[in-house]
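Per-entry structural report
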Amino acid sequence: FGGKSYTFNVAYGVGKAATDRLALDMSYQLEKYDVDTVALYPGIVQTEGNLEMEKRGEWDEASGGLDLSMGESPQFSGRAIVQLLSNPALMQERSGQVVVVSELAKELGFTDIDGSIPPSIRSLKFILPSFVFPQIEKESGKPVPEFIANNIPDFLLPWRVFSGGPPPTAD
């Protein structure tokens, strides 16, 4: 995600874009050796560092207000890797591509350690509560009605939607 659109800062975006490009270019060069590569995209991850930032009250500012409780465990990415490596045909098919952990979980039926499949970082189920609803609530001074907030479709936006510059700021 960070390689597809402006996220957090320049260094973060450049690092993510480089990882995406590395996976793609390596897939071309290493194909003759039967080596497959992917760029794995988790969503928000409940790493020890992120959980510590939350405890210290630094998470909201560092993340732009993302809800860490919606996050994935680090083990969820590990489970995605196990699925890819245990299915060579799938790994070969995805070689050079960006693979979103939660989308792969939904496709293949594996879950995070709590039994859930968190929403994809490009799903309305993630985007609306993380970015749109807080802005609506800030501007209107009212909460988003529960019948809307509790019935968000798990619809994936195409990658091209995220290829622009930084999101607009509220003044």
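**As for the overall build of the protein chain**
Along its length, the protein chain carries eight helices and two strands. For the protein chain, the sequential pattern of α-helices and β-strands runs α-β-α-α-α-α-β-α-α-α. Whereas a compact globule of 171 residues would reach a radius of gyration of roughly 16 Å, the protein chain reaches 17 Å, a difference of no more than 12%. When its C-alpha atoms are laid out on the principal axes, the protein chain stretches across 60 × 35 × 30 Å. In the protein chain, which comprises 171 residues, the share counted as buried stands at 33%. Restricting to contacts in the protein chain with at least 6 residues of sequence separation, those with at least 24 account for 65%. As displayed, the protein chain has an accessible area near 10,600 Å², and 56% of this comes from carbon and sulfur atoms.

**Details of the side chain of Thr37**
Note on placement: Thr37 falls in the loop between helix H1 (10-30) and strand S1 (39-41). Looking at Thr37, the relative accessible area reads 8%, which means it is buried. Ignoring any residue separated from it by four or fewer positions in sequence, one finds Thr37 in contact with Ala23, Met26, Ser27, Met91, Arg94, Ser95, Gly96 and Gln97.

**A word on helix H7 (residues 124-140)**
Its 17 residues give H7 an end-to-end C-alpha distance of only 21 Å, which falls more than 12% under 24 Å, the value for a rise of 1.5 Å per residue. Residue Val132 marks the point of greatest curvature in H7, where the axis turns by about 40°; the proline Pro134 follows within four residues. Of all the residues in H7, the buried ones are Leu124, Phe126, Ile127, Leu128, Ser130 and Phe133. Where H7 is buried, its residues contact helix H8 (146-149). For H7, the side-chain oxygen to backbone nitrogen distance between the N-cap and Lys125 is 3.0 Å, and the N-cap itself is Ser123. Phi turns positive, to about 75°, at Gly141, one or two residues after H7.

**Observations regarding the nonpolar core**
With 20 residues, the main nonpolar core has Tyr41, Ile44, Trp59 and Phe126 as its most contacted residues. Of all the secondary structure elements, the ones that give two or more residues to this core are S1, strand S2 (98-100) and H7. Here this core takes five residues from H7, the largest share from any one element. Counting residues in hydrophobic clusters, the runner-up holds 10 residues, among them Leu84, Leu90, Val101 and Leu104.

**Here we look at the pattern of salt bridges**
Counted according to the given criterion, the structure contains seven salt bridges. Taking the shortest distance from any N to any O, the salt bridge between Glu58 and Arg56 comes out at 2.8 Å. Each member of the salt-bridge network shares a partner with another, and the members are Glu93, Arg94 and Glu107.

**Thoughts on a nonpolar patch on the surface**
A cluster of nonpolar side chains, namely Tyr6, Val10 and Val14, defines an oily patch on the protein surface of about 300 Å² accessible area. Relative to the assigned elements, Val14 resides in helix H1. On the basis of relative accessibility, which here comes to 52%, the residue Val14 falls in the exposed class.

**Some words on the environment of Ile152**
With respect to the secondary-structure elements, Ile152 resides in the segment after H8. The sequence separation of Ile152 and Leu128 amounts to 24 residues, and the corresponding C-alpha distance is 8.0 Å.

**Some details on the confidence of the model for the protein chain**
Mean pLDDT for the protein chain: 90, with 92% of residues reaching 70 or above. Looking at the elements of the protein chain, mean pLDDT is at its lowest for helix H3 (residues 59-63), recorded as 89, and at its highest for helix H4 (residues 74-85), recorded as 97.

Cut-offs and rules
Residues numbered from 1 in each chain as written. Predicted model: local features only at pLDDT ≥ 70, side-chain atom pairs only at ≥ 80, totals over all residues. Heavy atoms only, no water. Helix = DSSP H or I, 4+ residues; strand = E, 2+ residues; numbered from the N terminus. Rg over C-alpha atoms; globule rule 2.2 N^0.38 Å. Buried < 20%, exposed > 50% of the residue type's maximum accessible area, 1.4 Å probe, protein only. Contact = heavy atoms within 4.5 Å. Areas by Shrake-Rupley, 256 points an atom, 1.4 Å probe, with all protein chains shown as cover. Expected span 1.5 Å × (residues − 1). Bend = angle between axes of the 7 residues up to and from the residue. Polar contact = N/O pair within 3.5 Å; in protein donor to acceptor, adjacent residues only side chain to side chain. Core = buried A, V, L, I, M, F, W, Y, C linked by side-chain atoms within 4.5 Å. Salt bridge = Lys/Arg side-chain N within 4 Å of Asp/Glu carboxyl O. Patch = residues over 30% accessible without salt bridge, like charges linked within 9 Å, V, L, I, M, F, W, Y side chains within 5 Å. pLDDT = per-residue confidence, 0-100.

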